[in-house]
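Coordinate inspection notes
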Amino acid sequence: MIKASELTWDDVIRVGAGTLGGNYLRSFWWPMALSDEVKDIPVPVKLLGEELVLFRDLSGELVLLGAHCSHRRASLEYGIIEENGIRCAYHGWCYDRRGKVIDRPAEPIKTAPAAAAQIRRARAGWLPSR
Ligand code: FES
């Protein structure tokens, strides 16, 4: 536990991911959008310095992911919503609700063990949403 007297100005004003202030603020629920605003296209959202994308997948579940594809950083704002996630509109990588890559159309997941490990590591940032 850090005492208030030990905090620096930077600890208080920096709210990016991985910072002291950012970790503290991320422990609370934040209103991101009205439920009525989240329909059949992804909604770009910016919170605490992070660019995010909010959407309701085809099964009706709300999903909040980092706004950029982990492949070439294309915006998932233009992604195609699927049953259990979203597909990047650029090269077609598909992310599940937690941002894990579940499909790479041009490079099948079963091709090589090294490629499979790389796919397991690749993910878009994910935040819990409801
Ligand atoms: S940039 Fe998203 S799949 Fe290539």
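Rules behind the numbers
Residues numbered from 1 in each chain as written. Predicted model: local features only at pLDDT ≥ 70, side-chain atom pairs only at ≥ 80, totals over all residues. Helix = DSSP H or I, 4+ residues; strand = E, 2+ residues; numbered from the N terminus. Contact = placed C-beta atoms within 7 Å. Buried ≥ 20, exposed ≤ 12 C-beta atoms within 10 Å, placed from the backbone. Core = buried A, V, L, I, M, F, W, Y, C linked by C-beta atoms within 7 Å. Pairing = 2+ DSSP bridges. Axes fitted to C-alpha atoms, helices over the stretch in contact; angles between N-to-C directions. pLDDT = per-residue confidence, 0-100.

1. Some remarks on the overall build of the protein
Looking only at helices and strands, one finds 3 helices and 8 strands in the protein. The linear arrangement of helices and strands in the protein, starting from the amino end, is α-α-β-β-β-β-β-β-β-α-β. In the protein, once contacts between residues fewer than 6 apart in sequence are set aside, the share between residues at least 24 apart is 34%.

2. Thoughts on the environment of Tyr-24
With respect to the helices and strands, the residue Tyr-24 is situated in helix H2 (residues 20-25). Here Tyr-24 falls in the exposed class, since 12 other C-beta atoms lie within 10 Å of it. Considering only alpha carbons, one finds Tyr-24 and Val-12, 12 residues apart in sequence, at a separation of 9.9 Å.

3. With respect to the nonpolar core
If you look at the biggest cluster of nonpolar residues, it comprises 15 residues, and the most contacted ones within it are Leu-52, Val-53, Leu-65 and Leu-76. Of all the secondary structure elements, the ones that give two or more residues to this core are strand S2 (50-56) and strand S3 (62-66). Among residues more than four places away in sequence, those in contact with Val-53 are Pro-42, Val-43, Pro-44, Val-45, Leu-65, Ala-67, Leu-76 and Glu-77.

4. Side note on the pairing of strand S1 (residues 43-47)
As judged from the 5 bridges shared by S1 and S2, these two strands associate in the antiparallel manner. Bridge pairing links Val-45 to Leu-52 in S2. What sits between the antiparallel neighbours S1 and S2 is a turn of 2 residues, in which Leu-48 has the positive phi angle 50°.

5. Considerations on the sheet that holds strand S6 (residues 94-96)
The 4 strands lie next to each other as S4-S5-S6-S7, forming an open sheet whose pairing is antiparallel. Of all strands in the sheet, those bounded by a partner on one side alone are strand S4 (80-82) and strand S7 (101-103). With direction set aside, neighbouring strand axes in the sheet form an average angle of 35°. Of the pairings in the sheet, the one linking S4 to strand S5 (residues 85-87) comprises 3 bridges and is antiparallel in character. Pairing of Ile-81 across the sheet is with Ile-86, part of S5.

6. Looking at the pairing of S2
Pairing analysis gives 5 bridges linking S2 to S3, with the strands arranged antiparallel. Its bridge partner being in S3, Leu-52 is matched across the sheet by Gly-66.

7. Observations regarding the confidence of the model for the protein
For the protein, the average pLDDT comes to 85, and 83% of its residues sit at 70 or higher. Per-element confidence in the protein is highest for S4, whose mean pLDDT is 97, and lowest for helix H3 (residues 113-121), whose mean pLDDT is 49.

8. Description of unusual backbone geometry
Residues other than glycine predominantly adopt negative phi, and peptide bonds predominantly adopt the trans conformation. The backbone of Leu-48 shows a phi angle near 50°, a positive value even though the residue is not glycine. Mapped onto the secondary structure, Leu-48 falls in the loop between S1 and S2. Taking the C-beta count within 10 Å as the criterion, Leu-48 has 14 such neighbours and is therefore assigned partly exposed. Phi angles above zero are rare outside glycine, and Arg-73 is one such case at about 65°. Note on placement: Arg-73 falls in the loop between S3 and S4.

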